[in-house]
Amino acid sequence: MLEVQLIRSDKDRILERLKKRNLSADELKLLDEVLEADDRRRRLQTELDEMKAERNTLSGQIGELFRQGKREEAEQLKSRVGELKAKLSEGEDALRKVVDRREHLLLQIPNVPHESVPAGSAESDNELYRAWEGRLPGLPDGALPHWELGEKYGILDMELGTKLTGSGFPVFRGMGARLERALISFFLDEARKAGYEEIIPPLLVNEDTARATGQLPDKEGQMYQAERDNLYLIPTAEVPITNIYRNAILDASDFPVKLAGYTPCFRREAGSYGAEVRGLNRVHQFDKVEIVQLVHPDHSYEALEGMLTHVAGLLQQLELPYRILRLCGGDLGFTAALTFDFEVYSAAQQRWLEVSSVSNFETYQSNRMKLRFRDGKSTRLVHTLNGSALALARIVAALLENNQTPDGIVIPKAIRHLTGFDIIS
RNA sequence: GGAGGAGUGCCAGAGUGGUCGAAUGGGCCGCACUCGAAAUGCGGUGUACUGGCGACGGUACCGGGGGUUCGAAUCCCUCCUCCUCCGCCA
């Protein structure tokens, strides 16, 4: 959620930046509507506060009069307070309405893109931030896509998942399951080495939690809901992990807070069918290690750089060809100010697969979350960041495809100590 | 799931209708004493919204929400959480 003070003080710049998101004229008008609602809110607030102050004074006097036994005078004052109360409850209704309206409007405004975000409306407008310098792996004729490799080696069974649950729920077996587990361990080990505290959070979250990181109301349709208990299955560990610090005031000395967590992620994503989403390309459940940082606003872009370096290091160790994109305004998530996507080349499909998204949310999440830090005598909102490090499903897809040989699938050296085998055959 | 008890500031803990944003103790910060430290003494120590250039004010918050009352931390309703006992259980 944008900070209203910023809209008030810096509207033109915000407007300019929001245009990169290709917002409609109506959407851009939201800024003015928010300011209008906020002005009204403040006026009402002041009026109400004054009435309440008067009521409080009168009530004090009434008490005093009763103590002195001056009943009649007290009764007179009571009737005055009675009038006041009628006006007060009217005003309170009005205030509630305008507060709700302000909130409602604010929730519809996406984060302000960072100055470096390119304008654009689609994926094709994303900026190639770091291209892959090396040669892309070519595969011999007869190379298989990962879903066929999975079947061939008995390590990944999509149909079984369909039987057990529905389409898009992969089942890993044998060496496939062990590979999955090894990758999770590898990513967690690397995160720890990079100074992240490991977290195992709940996989179900309540409404407040889902709202604070922006899944509600923006992406309600993306989450599976346990309706009976009003809980949501997490679409990413970002949700519970960032919310650890919801409604908190950090000390400046706490910075940077670095957290990492492995969780399965659940996404409804009413997807299409076809080659684009076959196998592990897009699934309803996948494993992911997420890294989260809470930092001082002055250092959030350094932190973002650091996260990019971390993710790049993982991909290098796995010997996967990757490139980094800077998302354009149109592709940028609702809550992010700047996002870099990592894509890995999947040789048999001959396409790039998104395996990580690293974002700085600046104060957008912390404002919703009331996550602040002590800055001298006052408090300020923290900057929050997160990134996948990494999302497993597509990494496995790329590993299977890129590393296939006539003898089997070769495991990257960096994780052999964790898999316990060098090749899947 | 059943029965009972409890939720107050950074922590412990008092407060059962008015003068309570809240005693007291601890912690923390500042000052004094000291060569320095400990001990001691004195002072300070919440958040949000809001008015004001500022000095300084106002309002709200004692688990969440609602109600009674001129007035609620205190009474009522409801939800949540925790504790104890019973049941069930990996």
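Residues numbered from 1 in each chain as written. Chains lettered and ligands numbered in written order. Predicted model: local features only at pLDDT ≥ 70, side-chain atom pairs only at ≥ 80, totals over all residues. Heavy atoms only, no water.

J.: Explain the environment of threonine 339 to me, please; I cannot follow it from the model alone.
T.: Along the chain, the position of threonine 339 falls in strand β12 (residues 338-346). Threonine 339 gets classed as buried once you look at its relative accessible area, which sits at 3%. A sequence separation of 18 residues divides threonine 339 from serine 357, and the C-alpha atoms of the two residues are 6.6 Å apart. Setting aside anything within four residues of it in sequence, one finds threonine 339 in contact with Leu325, Arg326, Leu327, Leu332, Ser357, Val358 and Ser359. Reaching out from threonine 339, the side chain makes a polar contact with the side chain of serine 359 at a distance of 2.8 Å. (Helix = DSSP H or I, 4+ residues; strand = E, 2+ residues; numbered from the N terminus. Buried < 20%, exposed > 50% of the residue type's maximum accessible area, 1.4 Å probe, protein only. Contact = heavy atoms within 4.5 Å. Polar contact = N/O pair within 3.5 Å; in protein donor to acceptor, adjacent residues only side chain to side chain.)

J.: Help me understand the nonpolar core in this model?
T.: In a soluble, globular protein the nonpolar side chains are often hidden away together inside. Counting residues in hydrophobic clusters, the biggest one holds 63 residues, and the most contacted among them are Leu183, Phe187, Leu315, Phe342 and Ile395. Residue contacts for phenylalanine 342: discarding those within four places in its chain leaves Leu308, Val311, Ala312, Leu315, Tyr322, Arg323, Ile324, Leu353, Glu354, Val355, Ser356 and Val358. Of all hydrophobic cores here, the second largest spans 32 residues; its members include Leu35, Ala37, Met51 and Leu88. (Core = buried A, V, L, I, M, F, W, Y, C linked by side-chain atoms within 4.5 Å.)

J.: How should the packing of aromatic side chains be read in this particular structure?
T.: Here the structure, examined in full by the defined rule, presents 8 aromatic pairs. Here phenylalanine 186 and phenylalanine 187 contribute two aromatic rings whose centre-to-centre distance is 5.6 Å and whose plane-to-plane angle is 50°, an arrangement assigned as tilted. Among the residues examined, phenylalanine 186 registers a relative accessible area of 3% and is labelled buried. Stacked on the ring of tyrosine 196, the Lys or Arg lysine 258 has its end atom at 4.8 Å from the ring centre. (Phe/Tyr/Trp six-rings, centres within 6.5 Å; stacked < 30°, edge-to-face > 60°. Lys NZ or Arg CZ within 6 Å of the ring centre and 35° of its normal.)

J.: Any chance you could explain the sheet that holds strand β19 (residues 423-424) here in plain terms?
T.: Strand order in the open sheet formed by 3 strands is β17-β18-β19, with antiparallel pairing between adjacent strands. At either end of the open sheet lies a strand with only one pairing partner, and these are β17 (404-405) and β19. The pairing of strand β18 (residues 408-410) with β19 spans 2 bridges and is classified as antiparallel. Counterpart to valine 410 in the pairing with β19 is isoleucine 423. (Pairing = 2+ DSSP bridges.)

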